[in-house]
Amino acid sequence: MTHILILGAGLSSSSLIRYLLQHAAKEKWRITLADVNIAAAQARIGKSKHAIAIGLNLQEDAKRKELVTSADLVISLMPPALHALVAKDCVAYKVSLITASYVSEDMRKLHPAALKAGVLLLNEIGLDPGIDHLS
């Protein structure tokens, strides 16, 4: 079973979460949706038996790292300024990361370490702002 950690339950997350939940049983995905607003995360997953919602402040290092280490894949829908914080954990614990944001200088600096760790840091994918890449 693949454990997918999604960070962020904001407005742009609904399509992705709905898609993952629709395919979770068939693909054998277990999904954790983490957001500072646990009510928003719970609303996004509804009553799905394939997902859990948890509250998370990304500045809480121990909790963030615990979640990253438990995941097979991290998808960050957080503001771009927070991606590098998560990406550092992903590189350290060898967990791939996908974001929808453009590659920042901080993310670019992590590229050599990610290559060495064999970790995928995939940016600029999704609706916001990567729709031009998908269409």
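Residues numbered from 1 in each chain as written. Predicted model: local features only at pLDDT ≥ 70, side-chain atom pairs only at ≥ 80, totals over all residues. Heavy atoms only, no water.

### Some words on the overall build of the protein
Tallying secondary structure elements over the protein gives seven helices and six strands in all. Over its C-alpha atoms the protein spans a radius of gyration of 14 Å, differing by no more than 12% from the 14 Å that the globule rule assigns to 135 residues. In the protein, which comprises 135 residues, the share counted as buried stands at 39%. Summing over all exposed atoms, the protein offers an accessible surface of approximately 7600 Å²; the carbon and sulfur share of this is 57%. Each charge class in the protein can be summarised by its mean position, and for the 15 positive and 12 negative side chains these summaries are 7 Å apart. (Helix = DSSP H or I, 4+ residues; strand = E, 2+ residues; numbered from the N terminus. Rg over C-alpha atoms; globule rule 2.2 N^0.38 Å. Buried < 20%, exposed > 50% of the residue type's maximum accessible area, 1.4 Å probe, protein only. Areas by Shrake-Rupley, 256 points an atom, 1.4 Å probe, with all protein chains shown as cover. Lys, Arg positive; Asp, Glu negative; His and termini not counted. Charge placed at Lys NZ, Arg CZ, Asp CG, Glu CD.)

### Some remarks on the side chain of Ser101
Of note, Ser101 is situated in the loop between strand 5 (96-99) and helix 5 (105-109). A distance of 2.9 Å separates polar atoms of two side chains, one belonging to Ser101 and the other to His83. (Polar contact = N/O pair within 3.5 Å; in protein donor to acceptor, adjacent residues only side chain to side chain.)

### Some words on the confidence of the model for the protein
Confidence along the protein averages 92 in pLDDT terms, with 93% of residues attaining 70 or more. Ignoring residues within four places in sequence, the model shows residues 130-135, a span with pLDDT below 50, making six contacts including any to other chains. (pLDDT = per-residue confidence, 0-100. Contact = heavy atoms within 4.5 Å.)

### Describing the pattern of salt bridges
Enumeration over the complete set of coordinates arrives at three salt bridges. Close ionic contact of Glu105 with Arg108 constitutes a salt bridge, the shortest N to O distance being 3.3 Å. Of the two residues, Glu105 and Arg108 are both situated in helix 5; the distance of three residues between them amounts to about one turn of the helix. Judged by relative accessible area, Glu105 falls into the partly exposed class, the value being 44%. Taken together, the shared-partner salt bridges connect Asp61, Arg64 and Asp89 into one network. (Salt bridge = Lys/Arg side-chain N within 4 Å of Asp/Glu carboxyl O.)

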